Amino acid sequence: MAAQATEVVFDPSTYVGGVPFEALAQLRNQAPVVWVAEVPVLGWPAGPGFWLVLRHGDVESVLTRPHLFSSSLGATQIRDPATPQALGYVRQMMLNMDPPDHSRLRRLLSRSFTPRAVSRLEDRIRGHARAICDRVFAGPRGECDFAKDVAADLPLLTLADVLGVPEQDRGLLFDWSNRVIGYQDPDYASSAEFDRAAGTPMAREALALRPRPDEDGRMPDPRTREGMPDLYAYAHLLAEEKRRRPGDDVMSILLAQADDDGERVSVAEFENMFWLFAVAGNETLRNGLPGGCIALLEDVAAQDGLRKDQALMPSAVEEMLRWWTPVMTFRRTATHDCELGGHRVGEGDKIVVSFTSANRDEAVFADPDHFDPRRHPNPHLAFGHGPHFCLGAHLARIQMRALFSEVLARTSALRYAGQPSYLRSNFQRGVKQLPVTWTA
């Protein structure tokens, strides 16, 4: 039974029908850590397998010990990079670094989110949320796709403000994140929605390098530099422009920063940070927002209660993050032989933490499958834990609070208008479509 459950949990196709919570609970109750065979799926060959960490305390333990469980050795995705060159490429990203390299870049980024810059971003986020809801919730009632019409725009607009991307190029962020996060899903993997004619000269120059699908319609692996040459070209051009004419955005501040040794962020480092913000920063919230909406659609009493008492919004947002958990897994690699959850782990073994399972751990969360906007305490792990705790957590929370405050203030009811459509992925808990009907 355990082997069957691990196969269900591993297969990206499972998630088209929803997260296999029963299988995760079965595994979690049997053992804190289980071995998962990487069987061939979706045309990809079998892999060496990995240890799946299921309980809250063990996930925290792994994430707080980078000296033992490395982000760098094999990077942070379940599947190994296809070649040593591909591994070398992803290891240049902050997400796939260990201290002290990770610590240096994180300090530089943290200093770039100055109080003034963050305050300006918060004001703009609230303005974006109002404008989105002005457009969507007009009239006495209506229908919309919450995932596309409401949730997709706010992360894009916020990230464009952070990165200093010109307004006419902001659709590129949507395109790039589709290609990277949706590589397991054919609806997303070859996204090409950006109108080149409407973009800046920078965008047109970069997009001339965009790879084309092969004869089977597949794009090159977007987790390699060769798979995203247009993103890197754009980041390079943007960095050059910001060095010439810096703005008040976070990336302009970052490029002017110097570390403790007087060194500035290199163009290559900027390019990799741009990738991380443009993809990870967009996609997680783009799925977290419709996930939060689904929580309210599933529990009408909670929806109505939040409308009556918006002082509950901060705790409701934390519960949305726990209950939905947009990023489901992250990988580490054991640096040497050790014990984990009662099992002997070998040097080089893959260790995959399940945030989805940890956030439903019955030992930490009472009635974990129930959405409770008043839940306290709520030590969820939706933003990770330890040295890699999400740098954008504060801005993500601000966006969720701002958007749901506007949505609930403008509606007396939100209901399903059809079935949601979910992303085929064992990494991101993605929502492709969420049809809702609303009453003003």
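Attention here is on the structure that accompanies the text. Since the structure is predicted, the reported quantities are computational estimates derived from the model, not experimental observations.

**Some details on the overall build of the protein chain**
The helix and strand tally for the protein chain stands at 17 helices and 12 strands. For 440 residues, the compact-globule formula gives about 22 Å, and the C-alpha radius of gyration of the protein chain, at 21 Å, lands near that figure. For the protein chain, the spread of C-alpha atoms along the three principal axes comes to 60 × 55 × 50 Å. Put simply, 72% of the contacts in the protein chain that link residues at least 6 apart link residues at least 24 apart. Accessible area of the protein chain: about 17,900 Å², with a carbon and sulfur share of 52%. A distance of 4 Å separates the average location of the 49 positive side-chain charges in the protein chain from that of its 58 negative side-chain charges.

**A few points about the packing of aromatic side chains**
Across all of its chains, the model carries 16 aromatic pairs by this definition. For the ring pair Trp-324 and Tyr-422, a centre distance of 6.2 Å and an interplane angle of 50° mean the geometry is tilted. Here the residue Trp-324 occupies a position in helix 15 (residues 313-324), and Tyr-422 occupies one in strand 10 (residues 421-422), the gap between them amounting to 98 residues. Owing to a relative accessible area of 1%, Trp-324 belongs among the buried residues under this scheme. The class for Tyr-422 is buried, based on a relative accessible area of 18%.

**A word on the sheet that holds strand 4 (residues 141-145)**
Across the sheet, three strands lie side by side as 4-12-9; this open sheet has antiparallel pairing. One side of each edge strand has no neighbouring strand; the edge strands of this open sheet are strand 4 and strand 9 (413-416). Taken over all neighbouring pairs, the strand axes of this sheet differ in orientation by 25° on average, direction set aside. As paired elements, strand 9 and strand 12 (residues 435-439) share four bridges and run antiparallel to each other. Within strand 12, the position partnered with Tyr-416 by the bridge is Val-436. Relative to the sheet, helix 13 (residues 267-298) contacts strand 9 and strand 12, its axis offset from that of strand 9 by approximately 95°.

**Thoughts on the nonpolar core**
Counting residues in each nonpolar core, the largest one holds 101 residues, and the members touching the most others are Phe-146, Tyr-234, Phe-274 and Trp-275. Of all the elements, helix 13 adds the most residues to this core, at 15 residues. Residue contacts for Phe-274: discarding those within four places in its chain leaves Leu-163, Val-165, Leu-173, Trp-176, Leu-231, Tyr-234, Ala-235 and Leu-238. Trp-51, Leu-63, Ile-351 and Phe-355 belong to the second largest nonpolar core, which has 20 residues in total.

**Details of the environment of Pro-12**
Examined against the element boundaries, Pro-12 turns out to sit in the loop between helix 1 (2-10) and helix 2 (21-30). When the C-alpha atoms of Pro-12 and Asp-123 are compared, they prove to be 38 Å apart, with 111 residues separating the residues in sequence.

**Some points on the pattern of salt bridges**
Taken as a whole and judged by the stated rule, the model has 21 salt bridges. Lys-350 is the partner of Asp-80 in a salt bridge, and the nearest nitrogen-oxygen pair spans 3.6 Å. Linking Asp-80 in the loop between strand 3 (69-70) and helix 4 (84-90) with Lys-350 in strand 8 (residues 350-354), this pair joins segments that are 270 residues apart in sequence. The exposure class assigned to Lys-350 is buried, which follows from its relative accessible area of 3%.

**Focus: unusual backbone geometry**
Residue Pro-100 is bonded to the preceding Pro-99 through a cis peptide linkage, with omega at 5°. Here Pro-100 shows up in the loop between helix 4 and helix 5 (101-112). Of note, the amide linkage connecting His-376 to Pro-377 takes the cis form, showing an omega dihedral of -5°. Here Pro-377 is to be found in the loop between helix 16 (355-358) and helix 17 (393-410). With phi around 70°, Ala-75 is a residue other than glycine that occupies positive phi space. Locating Ala-75 in the fold gives a position in the loop between strand 3 and helix 4. Despite not being glycine, Asp-367 shows a phi value in the positive range, around 45°. Mapped onto the secondary structure, Asp-367 falls in the loop between helix 16 and helix 17. Note on Asp-367: relative accessible area 51%, which makes it exposed.

Rules used in this analysis
- Residues numbered from 1 in each chain as written.
- Predicted model: local features only at pLDDT ≥ 70, side-chain atom pairs only at ≥ 80, totals over all residues.
- Heavy atoms only, no water.
- Helix = DSSP H or I, 4+ residues; strand = E, 2+ residues; numbered from the N terminus.
- Rg over C-alpha atoms; globule rule 2.2 N^0.38 Å.
- Contact = heavy atoms within 4.5 Å.
- Areas by Shrake-Rupley, 256 points an atom, 1.4 Å probe, with all protein chains shown as cover.
- Lys, Arg positive; Asp, Glu negative; His and termini not counted.
- Charge placed at Lys NZ, Arg CZ, Asp CG, Glu CD.
- Phe/Tyr/Trp six-rings, centres within 6.5 Å; stacked < 30°, edge-to-face > 60°.
- Buried < 20%, exposed > 50% of the residue type's maximum accessible area, 1.4 Å probe, protein only.
- Pairing = 2+ DSSP bridges.
- Axes fitted to C-alpha atoms, helices over the stretch in contact; angles between N-to-C directions.
- Core = buried A, V, L, I, M, F, W, Y, C linked by side-chain atoms within 4.5 Å.
- Salt bridge = Lys/Arg side-chain N within 4 Å of Asp/Glu carboxyl O.

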